[in-house]
Amino acid sequence: MEASLMSWVQVILQWFALPEVGLGAVFLVATVSATLLPMGSEPAVYALVKLRPDLFWPAVLVATAGNTLGGAITWWMGRGAHRAADALRHRDDDPALPPSAGRAEGRAARWLVRFGPAACLLSWLPVVGDPLCAVAGWLRLPFWPCLFYMAIGKGLRYITMTAALLWMI
């Protein structure tokens, strides 16, 4: 059973490595990496662009779209978590933070509320970017402006990271 599973995984990975499906693979990897799963999409974008330099802008745009979609999914997960927490507490007063939030969480939430959707420009940051999208959903920041700022931040990251990797390596 384990050997057949590993061979199946290997076939899937080889399929995604084909240049013909490179943009699809970049989209999928970028989408998944923008959720709360620990994964990076920059190596996939770099690998495709290294193989096919003519795909620099399409790869950056596809990765940005996928990563923004992943950020949107994470935003909705945060919003859903807030609804679930409200239902569990049987409260309708809609607090921005759960009652167990400490000083650090309160300070972070106040900072996010103060900057509003523009704070989602930082969604490209490692470690804190994906949770930032979830917290924006939890705080019920407006979806479309958050998505707009996520796309800008993530697009600038892909342009910068891919160009820097191509220049350095």
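So, here is what we can say about the structure in this document. (Residues numbered from 1 in each chain as written. Predicted model: local features only at pLDDT ≥ 70, side-chain atom pairs only at ≥ 80, totals over all residues. Heavy atoms only, no water.)

### Considering the packing of helix 2 (residues 22-33) against helix 4 (residues 56-89)
And step 1. For the pair helix 2 and helix 4, the least separation of the axes is 7 Å and the interaxial angle reads 30°. Considering the angle they form, helix 2 stands roughly parallel to helix 4. As helix 2 runs across helix 4, the sense of the crossing is right-handed. Residues L23, V26, F27, A30, T31 and S33 of helix 2 pack against P58, A59, V62, A63, A65, G66, N67, L69, G70 and I73 of helix 4.
And step 2. Residues that form the contact of helix 2 with helix 4 fall into these classes: 11 nonpolar, five polar and no charged. (Axes fitted to C-alpha atoms, helices over the stretch in contact; angles between N-to-C directions. Helix = DSSP H or I, 4+ residues; strand = E, 2+ residues; numbered from the N terminus. Parallel < 35°, antiparallel > 145°, perpendicular 65-115°, else oblique. Left-handed = near helix turned anticlockwise from the far one by under 90°. Contact = heavy atoms within 4.5 Å. Nonpolar A, V, L, I, M, F, W, Y, C, P; charged D, E, K, R; others polar.)

### A short note on the side chain of T74
And step 1. With respect to the secondary-structure elements, T74 resides in helix 4.
And step 2. The residues contacting T74, other than those within four sequence positions of it, are A34, T35, L36, D130, C133 and A134.

### So, the environment of V135
And step 1. Along the polypeptide, V135 turns up in helix 6 (residues 129-138).
And step 2. Judged by relative accessible area, which is 35%, V135 ranks as partly exposed.
And step 3. A C-alpha to C-alpha distance of 10.0 Å links V135 and V113, two positions 22 residues apart in sequence. (Buried < 20%, exposed > 50% of the residue type's maximum accessible area, 1.4 Å probe, protein only.)

### Considering the state of the cysteines
And step 1. Across all of its chains, the model carries zero disulfides by this definition.
And step 2. Lacking any disulfide linkage, C133 is separated from the closest cysteine sulfur, that of C120, by 5.4 Å.
And step 3. Look at C133 and you get buried, because its relative accessible area is 0%. (Disulfide = S-S within 2.5 Å.)

### As for the pattern of salt bridges
And step 1. On inspection of all chains with the given rule, the structure shows four salt bridges.
And step 2. A salt bridge links D54 to R52, with the shortest nitrogen-to-oxygen separation between them at 3.1 Å.
And step 3. Overall, R52 belongs to the partly exposed group, its relative accessible area being 32%.
And step 4. In this structure, D86 and R89 form a salt bridge, with 2.9 Å as the shortest nitrogen-oxygen distance. (Salt bridge = Lys/Arg side-chain N within 4 Å of Asp/Glu carboxyl O.)

### Looking at the side chain of E42
And step 1. Looking at the secondary structure, you find E42 in helix 3 (residues 42-51).
And step 2. Residues in contact with E42, not counting those within four places in the same chain, are R157 and M161.

### So, the packing of aromatic side chains
And step 1. Considering all chains together, one arrives at seven aromatic pairs under this definition.
And step 2. Measuring from ring centre to ring centre gives 5.4 Å for W76 and F143, while their planes differ by 45°; the resulting arrangement is tilted. Here the residue W76 occupies a position in helix 4, and F143 occupies one in helix 7 (residues 143-168), the gap between them amounting to 67 residues.
And step 3. Among the residues examined, F143 registers a relative accessible area of 16% and is labelled buried.
And step 4. For the ring pair F143 and W144, a centre distance of 4.9 Å and an interplane angle of 75° mean the geometry is edge-to-face.
And step 5. Taking the relative accessible area as the measure of exposure, W144 reaches 63% and is therefore exposed. (Phe/Tyr/Trp six-rings, centres within 6.5 Å; stacked < 30°, edge-to-face > 60°.)

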